[in-house]
Amino acid sequence: MHEDSEVAVLRLGHRPGRDDRMTTHVGLTARALGADRVLFPDNAGQSLETVADITDRFGGPFAAELTDSPLGDIRDWEGRVVHLTMYGERVQDVEADIRAAHESAGDALLLVVGSEKVSFDVYEEADWNVGVTNQPHSEVAGLAVFLDRLFEGRELEQEWVDADRRVTPMETGKRVESVDDEE
Ligand SMILES: C[S@@+](CC[C@H](N)C(=O)[O-])C[C@H]1O[C@@H](n2cnc3c(N)ncnc32)[C@H](O)[C@@H]1O
């Protein structure tokens with residue numbers, strides 16, 4: 001979480017039309033919950049634009065990029081690869097090892113989430129295949145729980161820089177303030 005070693009999220013696969021909102025939400029969730037960067041497949045340009053727009057307005061640092069070689073990105077990753085899958089080891093059993101690799105050993109993490117069927121190569125390339133429960137659900141939910149476990153809740157306190165606007169938390173109602181108006 002903007003510490004020394006990076007946490008990046010790779011969205012594997014994107015079916016235009018059907019996956020538009022899910023791919024965008026993978027990026028928004030990665031940003032909101034402490035990842036440094038998201039990599040989208042190169043047919044997900046609309047999701048990239050949306051995430052970049054949110055980052056412009058609500059702050060960063062956060063990077064969104066397209067990749068034409070997601071499997072190559074996994075193979076060439078200089079760090080450790082965590083693949084989120086309902087078939088994997090239980091997150092509560094492996095989170096401490098993953099956290100130690102990231103925080104103590106300083107390994108960059110690539111968190112991989114799928115859309116449709118994920119090829120077996122990914123299971124083999126991953127350092128950890130991790131299940132957030134071993135029940136089928138969603139890449140967005142799996143990513144959110146995993147990031148919160150990885151950062152042990154510290155991501156909820158993060159400061160946002162270069163934001164144009166900021167939400168003021170309220171018991172009732174909605175308030176969004178321009179950052180320039182306050183400073
Ligand atoms: C809708 S699922 C489809 C998975 C596909 N049927 C397969 O065999 O890989 C899309 C993605 O959600 C994530 N996902 C779904 N359930 C999960 C779970 N229980 N734990 C972790 N990730 C999960 C995985 O990243 C998965 O690739």
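Quick notes on the rules
Residues numbered from 1 in each chain as written. Predicted model: local features only at pLDDT ≥ 70, side-chain atom pairs only at ≥ 80, totals over all residues. Heavy atoms only, no water. UniProt positions renumbered as here; feature names shortened; annotations may be inferred. Pairing = 2+ DSSP bridges. Helix = DSSP H or I, 4+ residues; strand = E, 2+ residues; numbered from the N terminus. Axes fitted to C-alpha atoms, helices over the stretch in contact; angles between N-to-C directions. Contact = heavy atoms within 4.5 Å. 1 Å grid on protein atoms, 1.4 Å probe; cavity = no way out; pocket = protein on both sides within 12 Å on 5 of 7 lines; lining within 4 Å. Points joined across faces, edges and corners; volume = space filled by probe spheres on them. Nonpolar A, V, L, I, M, F, W, Y, C, P; charged D, E, K, R; others polar. Expected span 1.5 Å × (residues − 1). Buried < 20%, exposed > 50% of the residue type's maximum accessible area, 1.4 Å probe, protein only.

In the nomenclature of an unreviewed UniProt entry, the protein corresponds to tRNA (cytidine(56)-2'-O)-methyltransferase from the organism Natrinema halophilum. Check the Subcellular location (unreviewed entry) section of the UniProt entry for the protein; it says "Cytoplasm". According to its UniProt record, the protein has this under Sequence similarities (unreviewed entry): "Belongs to the aTrm56 family."

Peer 1: In this structure, what is going on with the sheet that holds strand β5 (residues 109-113)? I would like to understand it.
Peer 2: Two strands in a sheet stick together by hydrogen bonds in their backbones, pointing the same way (parallel) or opposite ways (antiparallel). A sheet is described by the order of its strands in space; here 6 strands give the open sequence β3-β2-β1-β5-β4-β6, paired in parallel fashion. Two strands in the sheet have a free side with no partner beyond their single neighbour: β3 (63-67) and β6 (128-131). Across this sheet, the average inter-strand angle for adjacent strands is 30°, counted without regard to direction. Of the strand pairs in this sheet, strand β2 (residues 37-41) and β3 are connected by 5 bridges, and their pairing is parallel. Within the sheet, the bridge partner assigned to V38 lies in β3 and is A64. On top of the sheet, helix α6 (residues 139-151) reaches β1 (7-11), β4 (80-90), β5 and β6; it is set at about 155° to β5, its chief contact.

Peer 1: I keep staring at the layout of surface pockets and nothing clicks. Help me out?
Peer 2: If you roll a probe as big as a water molecule over the atoms, it shows you where there is empty space left. Roughly 510 Å³ of volume is contained in the largest pocket. Considering the residues around the largest pocket, the lining is formed by 23 residues, among which L84, T85, M86, S115 and H137 are closest to the centre. When contributions to the lining of the largest pocket are tallied by element, the ones reaching two or more residues are β4, β6 and α6. In terms of residue count, β4 provides more of the lining of the largest pocket than any other element does, 5 residues in total. Taken as a whole, the second largest pocket holds about 160 Å³ of empty space. Taken together, 11 residues make up the lining of the second largest pocket; nearest its centre are F58, W160, A163, R165 and R166. Split into classes, the residues belonging to the lining of the second largest pocket amount to 6 nonpolar, no polar and 5 charged.

Peer 1: How do you make sense of helix α4 (residues 91-104) when you look at a structure like this?
Peer 2: Note on helix geometry: an α-helix contains 3.6 residues per turn, so any two residues three or four positions apart are oriented the same way. With 14 residues, α4 should cover 20 Å at 1.5 Å per step; its first-to-last C-alpha distance of 19 Å lies within 8% of that length. Those residues of α4 lying buried are V91, V94, E95, I98, R99, A101 and H102. A positive backbone phi angle near 75° is found at G106, which sits one or two residues after α4.

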